[in-house]
Number of protein chains: 6
Amino acid sequence: MRILVVNVNTTESITETIAQQARAVAAPGTEIVGLTPYFGAESVEGNFESYLAAIAVMDRVMAYDQPFDAVIQAGYGEHGREGLQELLNVPVVDITEAAASTAMFLGHAYSVVTTLDRTVPLIEDRLKLAGLYQRCASVRASGMAVLELEEDPLAAMEAIVRQAELAISDDKAEVICLGCGGMAGLDEQIRQRTGVPVVDGVTAAVTIAESLVRLGLSTSKIRTYATPRAKKVIGWPSKFGR
Amino acid sequence: MRILVVNVNTTESITETIAQQARAVAAPGTEIVGLTPYFGAESVEGNFESYLAAIAVMDRVMAYDQPFDAVIQAGYGEHGREGLQELLNVPVVDITEAAASTAMFLGHAYSVVTTLDRTVPLIEDRLKLAGLYQRCASVRASGMAVLELEEDPLAAMEAIVRQAELAISDDKAEVICLGCGGMAGLDEQIRQRTGVPVVDGVTAAVTIAESLVRLGLSTSKIRTYATPRAKKVIGWPSKFGR
Amino acid sequence: MRILVVNVNTTESITETIAQQARAVAAPGTEIVGLTPYFGAESVEGNFESYLAAIAVMDRVMAYDQPFDAVIQAGYGEHGREGLQELLNVPVVDITEAAASTAMFLGHAYSVVTTLDRTVPLIEDRLKLAGLYQRCASVRASGMAVLELEEDPLAAMEAIVRQAELAISDDKAEVICLGCGGMAGLDEQIRQRTGVPVVDGVTAAVTIAESLVRLGLSTSKIRTYATPRAKKVIGWPSKFGR
Amino acid sequence: MRILVVNVNTTESITETIAQQARAVAAPGTEIVGLTPYFGAESVEGNFESYLAAIAVMDRVMAYDQPFDAVIQAGYGEHGREGLQELLNVPVVDITEAAASTAMFLGHAYSVVTTLDRTVPLIEDRLKLAGLYQRCASVRASGMAVLELEEDPLAAMEAIVRQAELAISDDKAEVICLGCGGMAGLDEQIRQRTGVPVVDGVTAAVTIAESLVRLGLSTSKIRTYATPRAKKVIGWPSKFGR
Amino acid sequence: MRILVVNVNTTESITETIAQQARAVAAPGTEIVGLTPYFGAESVEGNFESYLAAIAVMDRVMAYDQPFDAVIQAGYGEHGREGLQELLNVPVVDITEAAASTAMFLGHAYSVVTTLDRTVPLIEDRLKLAGLYQRCASVRASGMAVLELEEDPLAAMEAIVRQAELAISDDKAEVICLGCGGMAGLDEQIRQRTGVPVVDGVTAAVTIAESLVRLGLSTSKIRTYATPRAKKVIGWPSKFGR
Amino acid sequence: MRILVVNVNTTESITETIAQQARAVAAPGTEIVGLTPYFGAESVEGNFESYLAAIAVMDRVMAYDQPFDAVIQAGYGEHGREGLQELLNVPVVDITEAAASTAMFLGHAYSVVTTLDRTVPLIEDRLKLAGLYQRCASVRASGMAVLELEEDPLAAMEAIVRQAELAISDDKAEVICLGCGGMAGLDEQIRQRTGVPVVDGVTAAVTIAESLVRLGLSTSKIRTYATPRAKKVIGWPSKFGR
C-alpha cells in the first residue's frame with residue numbers, strides 16, 4: 001500500500017521529518033511518499049497561509065502521477081481536508097483529527113500543545129467542526145514558531161513540556177497531542193517528561209489510513225464529499241507557483 | 001466610501017447581478033465595485049471549489065489597486081473570510097454571516113434556502129463556526145444549481161418558495177435567508193409569497209459594511225486575524241489563472 | 001426616519017447621554033428621540049428592576065404619539081425586547097444583541113465589560129437566549145454601579161480598562177463590548193488604551209435599526225412575535241407610575 | 001406552612017382550579033393560598049402578556065400581608081421567577097421548572113404539551129435558561145387557548161392527548177408535562193389514555209416547595225438573586241391596575 | 001411509606017450515617033430502611049468500583065423481601081440507577097441528581113464538592129447524562145477519601161469548606177452540593193461557614209422520593225426503562241459475594 | 001500481538017461470529033482470542049443487562065491467565081469500558097466508539113442501525129459521553145432482537161437495510177455503523193445495498209487496538225483511569241456465575 005503524506009508548507013526539511021516519522025510506524029508493505037507543495041508559505045501559521053496550503057496540497061496530490069491508496073494531510077488545524085475528499089476516491093486523513101481521535105481512546109480528556117498563539121483558534125475551530133472538541137481540555141501555544149522547532153529543538157522541547165504540564169495540572173488533560181506536523185519525533189521524550197501518553201498526529205494518521213485501506217473503507221460519495229460536478233474551472237489543474 | 005463586492009465564482013453575469021443588488025441599497029456616497037475572481041469555478045458548489053474560491057477572492061482583492069473601505073465576500077457558506085481579515089485592515093463581511101446576523105433581529109428562528117443539497121453541510125458548518133447556528137431552524141436545498149438560477153428563474157423561484165414554505169411550516173422558521181449570492185433580487189417576491197421577512201445576504205452585508213465603516217470599527221488584529229508574519233511564500237502574489 | 005431610543009431606567013441624564021451618542025452616528029435624515037420611562041428604577045441592576053423596566057419601556061413606547069420607524073432598547077442584559085416586538089410592527093433592536101452581533105464581525109471572540117457583578121448572569125442569559133453567546137469569551141464586571149459611571153467617570157474608565165485588559169489576556173477576547181447604556185461615549189478612549197475594537201451597543205444599534213428600515217425589513221409576525229391576541233387586559237394601557 | 005400559589009393571569013376561576021389542585025397534594029399542615037394578580041391579561045399567551053404578568057405576580061405577592069413560607073408561580077413558560085427570588089427570602093418555585101425537574105426522575109426524555117403554538121418558543125426558552133432542556137423531547141401545542149381549556153374541556157382533553165401521543169411515538173417522549181397552569185387536574189386521565197407518567201406542574205411545585213421548606217433551604221442571596229439595592233424606584237410599590 | 005436507602009459501598013457505618021440523615025428529614029409516616037450491599041468495595045472511588053456497586057445495589061434491592069415504595073441510591077456520581085429503574089416499578093432517585101435538581105431551585109449556578117480528584121470526571125459525566133450539568137459551575141475535589149470523612153471529620157470539614165469557598169469566589173457557584181453520601185450531616189456547618197445554601201443529596205432525595213410517591217408518579221415503562229425482556233441470565237439472582 | 005475480543009453476552013455462538021470477523025481483518029501476527037463472560041444475559045438489550053455485562057466482561061478478562069496486548073469490548077452501547085481501563089495497563093477499545101470514530105473519517109455524518117428500540121437511548125448516551133455524538137445523524141432501531149440476528153439473518157438484513165436507507169434519505173447520514181456486535185459480517189452486503197460505507201465496530205476496533213499497540217500507546221493512568229486504590233473489595237475476584 002502506498003500512502004502520500006503531504007506537508008502543508010513548502011519547507012522540504014519538514015517534509016523529510018514527517019515522512020521519516022511516518023515510515024517508523026508504517027506496517028511492512030506500506031510505502032510512505034512524502035510530498036511538498038509547489039507553492040505556499042514556508043510555514044503555515046494562520047488563516048491566509050492555511051487557505052493557500054489547502055489549495056497547494058490538493059494541487060500537489062493531483063500532480064502526483066502514480067497510484068496511491070490513501071492521503072495524509074500533515075498540517076495541524078489546517079483547511080482543505082474536505083476538498084481532497086471530494087477530489088479523491090481513496091481515504092484522506094488529517095493529522096489534527098487523527099491525533100484527537102486517537103487521544104480519545106487513551107484518556108478522559110486531551111490537550112493539544114501547538115506553536116504560536118495565533119494558531120490556537122484555527123485548531124479549536126477545526127476540532128469543533130470535526131466533532132472532536134468535546135473532550136479537548138485545552139489547546140495551548142508553546143510560543144515557538146514552526147521553523148523554530150527545527151532551529152532550536154531544545155528550547156522547543158522545554159516550551160512544549162511546560163505547556164503540557166500546565167495542561168495536565170490546570171486543564172486536567174490526561175493525554176497530550178503534539179499540535180504541529182513539525183513536532184514529529186518529540187513524542188517519546190515528552191511522554192517521559194510528563195508521564196502521560198503523547199500522541200503524534202502523523203504516526204496516528206498512518207495507522208488510521210492503513211486501517212481504512214485494510215477495512216476496504218473510503219470516503220462516502222453520497223453527499224458532502226461527492227466528486228465535484230463537471231464544470232468550467234479557470235486555472236485548474238494549476239500552474240500556480242510553477 | 002468604496003466597498004468591494006467580490007463574487008466567489010468566475011461567472012461575470014453573477015457579479016453584475018450582485019453588484020446591482022448591492023447598489024440598490026447602498027447609501028448615498030457609497031460606491032460599489034463588483035469584482036470577479038481571475039480563477040476558480042464558474043459556480044461554487046462544494047468544498048474543492050469553495051477552497052479554490054477562498055484563494056481566488058483573496059487574490060482578486062489584493063490585485064485591486066485603488067483604495068477601498070470594506071470588502072464583502074458574496075458567496076454563501078464559502079471558505080476564506082478569515083484569510084481576507086488577516087490580509088486587510090478594513091472590515092470584511094461574509095454574506096452568509098450578514099444574512100444570519102440580520103435575520104436574528106427579525107424572528108425567533110431563521111432558515112436558509114440554498115441551491116444544491118451538497119452545499120447544505122458547508123453552510124451549516126460556516127454558521128456553526130460563526131456562532132450563528134443556534135437559532136437556525138434549517139438549511140434547505142432547492143435543488144437548483146447556481147447557474148440554473150439565471151437560466152430558469154421561474155423554476156428557481158418556485159423551488160425556493162416551496163422550500164421556504166416547508167421551513168416555515170415544518171421547521172418553524174420565522175425568517176428566510178436566501179442562501180446564494182446568485183439569488184440576489186428575489187427577496188421581495190418570496191416575501192410576498194411566504195408572508196415572512198426574507199433576507200438577502202448581499203444587501204444585508206452592504207448595510208453592515210457601511211455601518212462598520214461609519215462606526216470606525218475594523219477587524220481586531222490582536223490574535224486570530226493578525227497580519228500574516230513576514231515569511232517566504234512561493235507563488236504569491238499570485239499569477240494563478242492569468 | 002425617526003428612531004426611538006428608550007432608556008431602561010428613570011434617570012434622565014442617562015437618556016441624554018444615550019441620545020447624544022446615538023445622534024453622533026445617525027445618518028443624515030435620521031431623527032433620534034430619547035425616551036425615559038415613566039416608572040421604574042433610577043438604575044437597572046438586577047432581575048426585579050429589569051422586569052419592571054421591560055414593562056416601563058413598553059409603556060413609554062406605547063405612550064409616544066408620533067410615528068416612528070424603529071425602536072432601540074438601550075439597556076444591557078435587560079428583559080422586554082420580545083414584548084416590544086409583539087406590540088410593534090417596526091424593528092426593535094436591543095443594544096446587548098446589537099453589540100454582540102457587531103463584535104462578531106470584528107474578531108474571533110468578544111468580551112463584555114459591565115457594571116456590577118450581579119448583572120453578569122443576566123447578560124450571559126440574554127446572550128444565550130439570543131444565540132450570540134458561543135463566541136463570547138467572558139462577561140466581566142467592573143464593579144462600578146450604573147450611577148457611578150456618571151458620578152466618577154475617571155474611576156469608571158480605569159475599572160473598565162482593567163477588566164478589558166484581563167478579558168484580552170486571560171479570556172482571549174479580541175473585541176470589547178461596553179456592557180451598559182450608561183457607558184456610551186467611552187469607546188474611543190478604551191480602544192486607545194487596549195488596542196482592540198470597542199463596540200458601544202447604542203451606536204451599533206442605531207446603524208442596525210437604520211439598516212433594517214432601509215432594507216424594508218421588520219419583525220416576523222408569523223409566530224413568536226405575532227401581535228397579542230385581542231383580550232381583556234387589566235391595567236393596560238398603563239397608568240402605572242403616573 | 002403556608003404556600004402562596006400565584007396565578008399569572010387575572011381570571012379568578014383559573015386561580016381556583018390551580019389552588020384546588022395544589023390543595024389535593026399538599027401535606028397535612030400545608031395551607032395553600034391562591035392569589036390572582038391585580039392587573040394583567042385574562043390569559044397569558046405571549047411575551048407582552050408574560051412580561052406584564054411577571055410584574056403583576058411580584059406586585060401581588062408583595063401586597064400579601066401575612067407571613068408565608070414559599071411561593072409558586074403557576075404559569076408555564078412565563079417570565080418573572082428571578083425577580084421574585086430577589087424580592088423574597090423564601091423559596092420560589094416556577095411550575096415550568098418544577099414539572100421538567102420532576103419529569104426527569106421518571107423517564108429518559110419528556111415532552112411538554114401546551115396551549116397555543118405561539119407560546120412554544122417561550123416555554124423552550126425558559127427551559128433552556130433553566131438548564132432543563134437537554135432531555136426535553138419536544139414542546140407541542142394543542143392549539144387550545146388558555147380560556148378554551150375551561151370552556152371546552154372535552155375538546156381540550158382530545159387535543160392534548162393527540163399531541164401527547166405524537167410526542168411519545170415521534171419525539172420519543174417517555175413522560176408528558178402539562179404545559180399550562182390551567183390544565184391542572186387533567187393529568188390522571190391523560191396518563192390513562194397514553195400509558196406514560198403525566199406531570200402537572202402545580203402539584204409538582206407544591207411538593208418541591210414543601211421539600212425546600214422542610215430542608216431549610218432557600219434562595220442563595222450571594223449573587224444573582226441578591227436583594228435589590230436600595231434605590232429610588234418610581235411607581236413601586238405599585239398602584240398599577242388598582 | 002417505606003423508602004429503601006441503599007449505600008453504594010460495603011461500609012456499614014456509612015449506611016448508618018446515611019440512614020440517620022434520611023430519617024431526620026423524612027415525613028411522619030415514612031420509614032427509612034438503610035441497606036448495605038452484600039459485595040463491592042468498602043468505598044467507591046472510581047469506575048471499576050462504581051460498576052461493581054451498580055450491580056451490588058441492584059442485587060441488594062432485589063434481595064429485600066418486604067414491600068417498599070421508593071429506592072434511593074446513595075452514591076455520588078455512581079452507575080446503576082437506570083438498571084434499578086428497569087427492575088422496579090417504584091421510583092428510583094439517585095442522590096447526585098437529587099442534589100443537582102434541588103440546587104437549581106436555589107441559585108443560578110451550583111458546584112459540587114466531592115472526595116478524591118479521580119471521582120470528579122465520574123460525577124461530571126453522570127450530571128451530563130442526566131441533563132443537569134448546564135448550571136454546574138464546577139465539580140471540585142476536597143482530596144479526602146471516602147473513609148477519611150469518617151476518620152478525620154475535622155480535616156474533612158476544613159477541606160470541603162476551602163473548596164466550597166473557591167467554588168463561590170472563582171467558579172461563581174451560588175449553591176454547594178455535598179458530593180458524597182458519606183458527607184451526610186455536614187451541610188448545616190458548611191452553610192454557616194460559606195453563607196450559601198448547601199444541599200445534601202440524601203435528604204434532597206428523601207423529599208423527592210416522598211413527593212413522587214405522593215404524586216402517584218413512577219418510572220415510565222414505555223421505552224428506556226421497560227422491564228427487562230424475559231431471557232436466560234446466568235448468575236442472577238446473584239449469589240455474588242455470599 | 002494478542003488481542004482479547006470479549007463478547008458482552010453469554011451466547012457463545014455470537015462470540016464465535018465476532019472472533020471470526022475480527023480474525024478476518026487482523027494483521028499477520030495478531031492473535032484474536034474470543035472470550036465469553038461467565039455470567040450475564042444471553043443477549044444484552046437494556047441497562048440492567050448492560051451493567052451486569054460490564055462486571056461480567058471485567059471478570060472474564062481478569063480471569064484470563066495469559067499475557068495480552070489489548071482488549072476489545074464487543075458490545076454496542078454497553079457500560080463498562082472505563083472499568084476495564086482502570087484494571088488494565090493495555091489499551092481497551094469499545095466497538096461503539098471504534099465504529100463512530102472510524103465513521104467520522106469517512107463522511108460528514110453517520111448513523112447507527114441497531115437492534116431494539118429500547119437500546120437506542122443507551123447507544124446515544126454512550127456516544128454523548130464519549131464525545132462522538134455531534135456528527136451522529138441518528139441511531140435507528142431495526143426492531144430485530146440480538147438473537148433474531150442469528151435466527152433469521154435474511155429478515156435482519158432487510159430490516160437493517162430499510163433503516164439504513166431512511167438514515168441516508170431522512171437523517172442525511174453518509175456512513176452507516178452496524179450497531180450490534182452480532183451484526184458482524186453484514187457490512188459488505190449493506191454497503192452494496194445502500195451505496196455508502198458501512199462500518200462494523202468489531203473490525204474497526206481490531207485495527208484501532210493494533211494501532212495503539214504499534215504506536216506504543218496505552219491508557220493514561222494520571223487521573224480518571226488510574227488503577228483502583230488498594231482497598232477491601234468483597235466478592236472480587238468474582239465467583240459470580242460459577
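- Going by the annotation in an unreviewed UniProt entry, the name recorded for chain A is Asp/Glu/hydantoin racemase, with Pseudomonas reactans given as the source organism.
- The UniProt entry for chain A carries the following text under Sequence similarities (unreviewed entry): "Belongs to the HyuE racemase family."

**Digging into the packing of aromatic side chains**
Next up, step 1: The final tally for this structure, using the stated rule, is 15 aromatic pairs over all chains.
Next up, step 2: Between Y64 of chain A and F68 of chain A, the aromatic rings sit 5.9 Å apart at their centres with planes inclined by 65°, giving edge-to-face as the arrangement.
Next up, step 3: The exposure class of Y64 of chain A is buried, given its relative accessible area of 15%.
Next up, step 4: Residue classification places F68 of chain A among the buried positions, given a relative accessible area of 17%.
Next up, step 5: Its end group placed over the ring of Y133 of chain D, K128 of chain D keeps NZ or CZ at 5.0 Å from the ring centre.

**Some thoughts on the relation of the copies chain D and chain C**
Next up, step 1: The two copies are related by a screw motion: chain D maps onto chain C through a turn of 180° and a shift of 0.0 Å along the axis, at an RMSD of 0.0 Å. The relationship between the two copies is best expressed as a two-fold rotation axis.
Next up, step 2: An overlap of 100% is found between the interface residues of chain D and their copies at the interface of chain C, pointing to a shared contact surface.

**A short note on empty space enclosed by the protein**
Next up, step 1: Approximately 330 Å³ is the volume found for the largest cavity.
Next up, step 2: In this structure, the second largest cavity is lined by 29 residues; those nearest its centre are H79 and L129 of chain A together with E82, R126 and L129 of chain B.
Next up, step 3: Broken down by secondary-structure element, the contributors of at least two residues to the lining of the second largest cavity are α2 (47–63) and α5 (120–129) of chain A together with α3 (81–87) and α5 (120–129) of chain B.
Next up, step 4: Of the residues assigned to the lining of the second largest cavity, the class counts are 10 nonpolar, 10 polar and 9 charged.

**Here's the deal with the environment of Y64 of chain C**
All names here are of chain C.
Next up, step 1: With respect to the helices, strands and loops of the structure, Y64 is situated in the loop between α2 (47–63) and β4 (70–73).
Next up, step 2: Sequence-wise, Y64 and A159 are 95 residues apart; in three dimensions their C-alpha atoms are separated by 37 Å.
Next up, step 3: Apart from residues no more than four positions distant in its own chain, Y64 is found in contact with R2, L4, V33 and L35.

So, how was this worked out
- Residues take numbers from 1 onward in each chain, read along the sequence in its written order.
- For this description, chains carry letters from A and ligands carry numbers from 1, given in the order in which they are written.
- With the structure being a predicted model, the display of local features is reserved for residues of pLDDT at least 70 and the display and counting of side-chain atom pairs for 80 or more, all residues being used for whole-chain, interface and lining totals.
- The side-chain figures draw on all heavy atoms in the structure; neither hydrogens nor water molecules are used.
- UniProt positions are given in the numbering used here, feature names are shortened, and annotations may be inferred rather than shown by experiment.
- Two aromatic rings, drawn from Phe, Tyr or Trp (for Trp, its six-membered ring), form a pair once their centres lie within 6.5 Å of each other, and the interplanar angle then sorts them: stacked below 30 degrees, edge-to-face above 60, tilted otherwise.
- Buried, partly exposed and exposed residues are distinguished by accessible area as a fraction of the type maximum, computed with a 1.4 Å probe on protein chains only: under 20%, between the cut-offs, and over 50%, respectively.
- Here, a charge over a ring is recorded when the distance from Lys NZ or Arg CZ to the ring centre is within 6 Å and its angle to the ring normal is within 35 degrees.
- When the copies are superposed, the least-squares fit takes in the C-alpha atoms of residues with a pLDDT of at least 70 in both.
- Every residue pair with non-hydrogen atoms within 4.5 Å of one another is taken to be in contact.
- Grid spacing is 1 Å over the protein atoms alone, the probe is 1.4 Å, and a cavity is where that probe fits but cannot get out, while a pocket is an open set with protein on both sides within 12 Å along at least five of seven lines and lining residues have an atom within 4 Å of a point.
- Grid points are joined across faces, edges and corners, and a volume is the space filled by probe spheres set on the points.
- Runs of H or I in DSSP of at least four residues are treated as helices and runs of E of at least two as strands, each being numbered from the N terminus.
- As a working rule, the residues Ala, Val, Leu, Ile, Met, Phe, Trp, Tyr, Cys and Pro are called nonpolar, Asp, Glu, Lys and Arg charged, and the rest polar, with Gly in that last group.

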